[in-house]
Amino acid sequence: MRFKVVLVLLLVVAMLGITFAAKITIGYAARNLFNPYWIAVEKGIKDAAKKYGVDVILYDARNDPATQRNNVEDLIQAKVDVILITSIVTGSRDSGAAADEAVKAGIPVIGVDTSCGSPRVAVTIRTDNVLGGRLAGEYIAKVLNGKGKVIVLEGPAGDTNSALRVGGFMEVIKKYPGIKVLASQPADWSREKGLRVMENLLQAFPDVDAVFAANDEMALGAIEALKAARKLKSTIVVGFDATPDALKSIKRGEMSATIQQHPYEEGYMAVEIALKILKGEPFESKVVMRPWPWGIEHAIEIPATLITSENVDKYLK
Amino acid sequence: MALNDANEGFMKTLINSIKNAGILLALIGLGVFLSIVSDVFLTVSNITNIFRQVSSNLILSVGTALVILTGGIDVSIGSIMAFSSAVAASLMMKVGCILASVVGLLVGAALGALNGIAVGLLGLEPFVVTLSSMAAVRAMTFIYTKGYPISTVPEEYNVLGSGYLGPFPIPTLLSLGLFVVVFLVLRYTPFGRHIYATGDNEIAAIHSGINVKAVKIAVYTLNGLFAAFAGLILVARLNSAIPTIGSDAPFDAIAAVVMGGISLSGGRGSLLGALVGVLLLGTINNGLNLLRIHAFWQGFVRGVVIFIAIVIDRFRATSRGK
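Source: prediction; values computed, not measured.

J.: Hey, could you run me through the interface of chain A and chain B in this one?
T.: The extent of an interface is frequently quoted as the accessible surface area lost upon association of the parts. At the interface, 26 residues of chain A touch 27 residues of chain B. In terms of residues, the side of chain A that touches chain B owes the most to one element, helix H3 (residues 65-77) of chain A, which gives eight residues.

J.: I tried to follow unusual backbone geometry on my own but got confused; where do I start?
T.: Where the residue is not glycine, phi is negative for most of them; where a peptide bond is considered, it is trans in most cases. All names here are of chain A. One non-glycine residue, Arg 62, adopts positive backbone phi at about 45°. Its location among the elements puts Arg 62 in the loop between strand E2 (55-60) and H3. What makes Arg 62 partly exposed here is the crowd of 18 C-beta atoms within 10 Å.

J.: Sorry, what's going on with the environment of Asn 239 of chain B here?
T.: You can see Asn 239 of chain B is positioned in the loop between helix H13 (212-238) and helix H14 (249-259). Of the residues examined, Asn 239 of chain B has 33 C-beta atoms within 10 Å and is grouped as buried. With 81 residues separating them along the chain, Asn 239 of chain B and Asn 158 of chain B place their C-alpha atoms 6.9 Å apart. For Asn 239 of chain B, the residues in contact, after removing those within four places along its chain, are Arg 93, Asp 94, Gly 96, Ala 97 and Gly 117 of chain A together with Ser 151 and Val 153 of chain B.

J.: Explain the domain arrangement of chain A here, please?
T.: Parsing chain A into structural domains produces domain 1 (2-121) and domain 2 (129-261 + 308-315). Spacing between the C-alpha centres of domain 1 of chain A and domain 2 of chain A amounts to 37 Å.

J.: For this particular structure, what's the right way to read the pairing of strand E12 (residues 295-302) of chain A?
T.: The two faces of a sheet get side chains in turn, since along a regular strand they alternate between them. All names here are of chain A. Where strand E5 (residues 123-127) lies against E12, four bridges are found, and the strand directions are parallel. Among the inter-strand pairings, Thr 124 is bridged to a residue of E12, identified as Ala 299. By the bridge criterion, five bridges tie strand E11 (residues 286-290) to E12 in an arrangement that is antiparallel. What sits directly across from Val 288, in E12, is Glu 297. Here E11 folds back onto E12, and the loop between the two strands holds four residues.

J.: Explain the sheet that holds E2 of chain A here, please?
T.: The strands making up a sheet associate through backbone hydrogen bonding, with each pair oriented either parallel or antiparallel. All names here are of chain A. Read from one edge of the open sheet, seven strands run E2-E1-E3-E4-E5-E12-E11, paired in mixed fashion. The open sheet has two edge strands with one neighbour each: E2 and E11. Averaged over all pairs of adjacent strands, the angle between strand axes in this sheet comes to 30°, irrespective of strand direction. Here strand E1 (residues 25-30) pairs with E2 via six bridges, running parallel. In the sheet register, Gly 27 faces E2, and the bridge partner there is Ile 57. Sitting on the sheet, helix H10 (residues 263-279) is in contact with E1, strand E3 (82-85), strand E4 (109-112), E5 and E12, with an inclination near 160° to E5.

J.: In this structure, what is going on with the packing of H3 of chain A against helix H4 (residues 96-104) of chain A? I would like to understand it.
T.: Helix-helix packing is characterised by the crossing angle of the two axes and by the distance between the axes. Residue and element names in this part refer to chain A. Closest axis-to-axis distance for the H3/H4 pair is 9 Å, and the angle between their directions is 10°. The angle between H3 and H4 places the two elements in the roughly parallel class. Residues Gln 68, Arg 69, Val 72, Glu 73 and Ile 76 of H3 lie in contact with H4, whose contacting residues are Ala 98, Glu 101 and Ala 102. When its residues are assigned to classes, the contact of H3 with H4 shows four nonpolar, one polar and three charged.

Cut-offs used in this document
Residues numbered from 1 in each chain as written. Chains lettered and ligands numbered in written order. Predicted model: local features only at pLDDT ≥ 70, side-chain atom pairs only at ≥ 80, totals over all residues. Contact = placed C-beta atoms within 7 Å. Helix = DSSP H or I, 4+ residues; strand = E, 2+ residues; numbered from the N terminus. Buried ≥ 20, exposed ≤ 12 C-beta atoms within 10 Å, placed from the backbone. Domains from an automatic or database assignment. Pairing = 2+ DSSP bridges. Axes fitted to C-alpha atoms, helices over the stretch in contact; angles between N-to-C directions. Parallel < 35°, antiparallel > 145°, perpendicular 65-115°, else oblique. Nonpolar A, V, L, I, M, F, W, Y, C, P; charged D, E, K, R; others polar.

In structure tokens form, the structure reads like this:
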């Protein structure tokens, strides 16, 4: 009798031991691992995983949405506890069906940086692009004293991130009747295209006071065009992303400002929120209602930061 | 020779293809290895998963096999897939999923037919023809979509990519169904024999009264149609049509077909080999993930395994006295 009780107790202890010893595994379906931005997200996830003692399985889609779908399916097969997804095509729902599949298999899904396009995703952690655009707008309005002519360089037509950044920017600029937007044109995120579009725009609008580019590459292209036209000294150029090249340009006194996003923090936070979801702990998120076919989205937005010549040294490493 | 092959009994053909395909050894070897090192690999749900993941490559490989059997090649199917799926997805909200899908399939077949006419009637080099249509159709996709992904795909359409019929995923049933139909057509119909004959010896085929031009137009048209079909499944799997999709698709299909022992010079090989090739590629991708091989090494391992599979196949072919 006594022996039996001890045996049962031992079994219970052993089972508890197994339960607790089983490490939590987080799966991350990455967009690509050759862009510094996504490498920073990955590093954030890995550092957080190390700190909290969880295991990470990382699959890379190499920018291909079909591979991404397969990778999420393989993560479901690997029976991870949570799946983090960075969707491939901004503005599409290419990871939505995969996310639905995971949720159906009882695995919660967290979006990292880009929206998966499924209302079943628990939460999406991203940088507040609208706030970043607003910061850029406020900076330009302040330096111009509320009066001047502005050119905007956008990302590719239809790109959500570009739309959000430019949207936040315009929201602020509209409050200043003295500031006129001469043109707002796509330059497809590229330096070369930024240069060409800016060259053309300078022909049409020779006196411009400020340029807002929705990413740093286009801003750096615009700077080249302004240099060639000997107008850089009199023009404010503001970029977005705080890439190393942009920071150096600010240090040289060519670019005026850029907006810093926080990919590392996005990754780090994704792991923390994943653990909260697994433990059933509450966390704060805001509810965004997007038009059909997107529907409801829960988001945590990390604020963006303005970098100018005053604080650039802090970010230059 | 090829004509005789086609007349052999089904079982004999099956046994022959298995005996001849060194690739099957590679697949079995890899399967055994993965079952030992991973406790997830050999589960019903993971095998189902692999079959579902390879469904669009299987459809593309079936079409590619037809083209290669006639001695041709088609590198435009990724672009055709992207364009036809964009057309279909853009129409779904307006005319309903079924009609939109039919339009998408017709667009794919029409583009394939253009390839076929250039190759068959004008006698142009297949690689150059399809290389130029690859570029032009991809550009058409960007023009049509203005570079935007199309995400207005109704939820019901997911069934095509994520649905089940009993325990079987619908994309798996569709792709295997297509495979079986084309396999039977190749084995038991005059059209199938004409495909082999065209690739085996075109002059002889013409002399024996086969309309080689029509055969060529037909296989490229079918390849375009199948590419559109694979594109529709991808739309369902991704909830959207994406203009950049499928840029690697023709190369995955060609790799699977060639690994499966279908000769690039045409006229020789069995569709069963292509199926094994597709499964081998799918198993490699799944296995590399389950073994947690880092992304940067995955491409390397994939290349090496494909190479080894082809070497095994080659040596077995040599030992058969080819």
